[in-house]
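# Report on the structure
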Amino acid sequence: MRRPLTLTVLLASALVLGPAACGGAPESDSASGGDKKITVYSGRSESLVKPLLERFSQESGITVEARYGNTAAMAGQLLEEGDRSPADAFFAQDAGALGAVAKQGMFAPLPDDLTGKVPETYRAGSKEWVGVTARSRVLVYNPDLVQEADLPASVFDLTKPEWKGKVGVAPTNASFQAFVTAIRVQHGEEKAKEFLTGLQANEPQIREGNGPILEEVDGGKIAIGLINHYYLGELAKERGTTPDTLKAKLHFFPGGDTGALVNVAGVGVLKKAAEDPDVRAFVTYLLGADAQKYFAEQTYEYPVVDGVAPPAFVPPLDQLTAPDVDLNDLDELEATIALIKESGLVP
């Protein structure tokens, strides 16, 4: 089960820092040409992506020095290091962290032949980052405790009395934070505050991450919970079975509801590595059929490149009714974190 991405003071404070705050840096070896070595800051967990990075190295002859940490911490480190960062690329878990780094002018625009492989929805308008995979927010439920016909039509219904004490949430998780940011973007600050306050008043089951929520829903300890879709595939894999055999089921909120936010994991290239052919090869590989198939089959995420099938237990990406939210606007995490704390969901 992948680790939860927790709140980090580092990212919140680093958002006010720009690259200039850290001074200049000597020209990197990679700036003048490929040296068959790149440094990647990875907000994706080592257990998930290390096999893929090793496969890339074997096929390309390019050594990848990967530094792993949660996405918020890696973004914060990049912002603190500025131009002195040894990183060539940032492989992040969500669009918000990519946007926070892009906002400080640290990424170089990617070429059209790379960004053009991915639908416009899943890349930066400035081309400073591109999505590699997508994931949908879902409501997981136990059909022994909640009938499908009784499931809420909107995530905002979870503040109603009938769901008191029955909803699992992970407010320190990055995916929950991105979802709340999406509420702010789509509906405004007051709506987000009202939802969070109502959710807290409804005595939710607070857990550290999506994984524990899913396990408790599957085990009948919690009726429903807010998670990302791919956790169902991961739990099934852990148990040596398939998602359809699990008790827990997924509910995709309809009609463009904010509870059905589709976010991305993606990659941005640091300016100093903009002309490095090894870094370009790395991004090209992530958007290639082999890597996209790896993500669909091994991490159960949605491929974002045409021609690769999604995981078997979810609808195709183009059939999801995601909310009308620009992922480029999910970079204002500081205000979101403040709202979550103010609501009492986080002490």
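Summarised in this report is the structure supplied together with it. (Residues numbered from 1 in each chain as written. Predicted model: local features only at pLDDT ≥ 70, side-chain atom pairs only at ≥ 80, totals over all residues. Heavy atoms only, no water.)

## Quick look at the overall build of the chain
- A tally of helices and strands in the chain yields 12 helices and 10 strands.
- Over its C-alpha trace the chain gives a radius of gyration of 20 Å, about what one expects of a compact globule, namely 20 Å for 347 residues.
- Its C-alpha atoms give the chain principal-axis dimensions of roughly 60 × 40 × 30 Å.
- Buried residues in the chain amount to 56% of all 347 residues.
- By sequence separation, contacts in the chain at least 24 residues apart represent 78% of the contacts at least 6 residues apart. (Helix = DSSP H or I, 4+ residues; strand = E, 2+ residues; numbered from the N terminus. Rg over C-alpha atoms; globule rule 2.2 N^0.38 Å. Buried < 20%, exposed > 50% of the residue type's maximum accessible area, 1.4 Å probe, protein only. Contact = heavy atoms within 4.5 Å.)

## Description of unusual backbone geometry
- The backbone of Lys-36 shows a phi angle near 60 degrees, a positive value even though the residue is not glycine.
- Mapped onto the secondary structure, Lys-36 falls in the loop between α1 (9-14) and β1 (37-42).
- A relative accessible area of 45% means that Lys-36 is categorised as partly exposed.
- Phi at Tyr-300 is positive, roughly 65 degrees, even though this residue is not glycine.
- Along the chain, Tyr-300 turns up in the loop between α11 (289-299) and β10 (302-303).

## Some points on the environment of Ala-75
- The residue Ala-75 is located in helix α3 (residues 71-81) in this model.
- Along the chain, Ala-75 and Gln-147 lie 72 residues apart, while their C-alpha atoms are 41 Å from each other.

## Observations concerning the environment of Tyr-122
- On the secondary structure map, Tyr-122 appears in the loop between α5 (112-115) and β4 (130-141).
- Given a relative accessible area of 11%, Tyr-122 falls into the buried group.

## Things to note about helix α7 (residues 189-201)
- For α7, spanning 13 residues, the distance from its first C-alpha to its last is 18 Å, which sits close to the expected 18 Å at 1.5 Å a residue.
- When α7 is considered as a whole, its buried residues turn out to be Ala-192, Phe-195, Leu-196 and Leu-199. Down the axis of α7, the buried side of the element spans an arc of 95 degrees, and every buried residue falls inside it. Exposed and facing more than 90 degrees away from the buried side of α7 are Glu-190, Glu-194 and Ala-201.
- Tucked inside the fold, the buried residues of α7 contact β5 (167-169), α6 (174-187) and α12 (333-343).
- Residue Glu-203 follows α7 closely and has a positive phi angle near 55 degrees. (Expected span 1.5 Å × (residues − 1). Arc of directions from axis to C-beta.)

## Regarding the packing of aromatic side chains
- Summed over all chains, the structure comprises 9 aromatic pairs.
- With a centroid separation of 6.1 Å and 55 degrees between ring planes, the pair formed by Tyr-300 and Phe-313 is classed as tilted. Of the two residues, Tyr-300 sits in the loop between α11 and β10 while Phe-313 sits in the loop between β10 and α12, which places them 13 residues apart along the sequence.
- The class of Tyr-300 is buried, set by a relative accessible area of 14%. (Phe/Tyr/Trp six-rings, centres within 6.5 Å; stacked < 30°, edge-to-face > 60°.)

## Considering the side chain of Asn-228
- Tracing the backbone shows Asn-228 in strand β7 (residues 224-228).
- The exposure class assigned to Asn-228 is buried, which follows from its relative accessible area of 2%.
- Within the local environment of Asn-228, its side chain forms a polar contact with the side chain of Arg-137, the two groups lying 3.2 Å apart.
- One polar contact links Asn-228 to Tyr-230, side chain to side chain, over a distance of 3.1 Å. (Polar contact = N/O pair within 3.5 Å; in protein donor to acceptor, adjacent residues only side chain to side chain.)

## As for helix α10 (residues 277-286)
- Considered for burial, the residues of α10 that qualify are Asp-278, Val-279, Phe-282, Val-283, Tyr-285 and Leu-286. Down the axis of α10, the buried side of the element spans an arc of 160 degrees, and every buried residue falls inside it.
- Two or three places before Asp-278, at the opening of α10, Asp-276 has a side-chain oxygen 2.9 Å from that residue's backbone nitrogen.

## Overview of the packing of α3 against helix α4 (residues 95-103)
- α4 packs onto α3 with a crossing angle of 5 degrees between their chain directions and a minimal axis gap of 9 Å. Between α3 and α4, the interaxial angle falls into the category roughly parallel. Residues Thr-71, Ala-75, Leu-78 and Leu-79 of α3 form the contact with α4, whose own contacting residues are Ala-97, Ala-100 and Val-101.
- Taken together, the residues of the contact of α3 with α4 sort by class into 6 nonpolar, 1 polar and no charged. (Axes fitted to C-alpha atoms, helices over the stretch in contact; angles between N-to-C directions. Parallel < 35°, antiparallel > 145°, perpendicular 65-115°, else oblique. Nonpolar A, V, L, I, M, F, W, Y, C, P; charged D, E, K, R; others polar.)

## Structural notes on the nonpolar core
- Grouped together as the largest cluster of nonpolar side chains are 79 residues, with contacts concentrated most on Phe-90 and Phe-282.
- In this structure, Tyr-141, Val-167, Ala-192 and Phe-253 belong to the second largest nonpolar core, which totals 27 residues. (Core = buried A, V, L, I, M, F, W, Y, C linked by side-chain atoms within 4.5 Å.)

## Section: the pattern of salt bridges
- This structure, assessed with the given rule, holds 16 salt bridges.
- For Arg-135, the salt bridge identified is with Glu-301, shortest N-O distance 3.5 Å. In this pair, Arg-135 is assigned in strand β4 and Glu-301 in the loop between α11 and β10, connecting sequence segments 166 residues apart. Here Arg-135 and Glu-301 have matching classes, each one buried.
- Close ionic contact of Asp-144 with Lys-247 constitutes a salt bridge, the shortest N to O distance being 3.2 Å. Taken as a pair, Asp-144 in the loop between β4 and β5 and Lys-247 in the loop between α9 (231-238) and β8 (249-251) lie far apart in primary sequence, 103 residues in all.
- According to the relative accessible area criterion, Asp-144 is exposed, its value standing at 57%.
- Connected via shared salt-bridge partners are Arg-44, Arg-135 and Glu-301. (Salt bridge = Lys/Arg side-chain N within 4 Å of Asp/Glu carboxyl O.)

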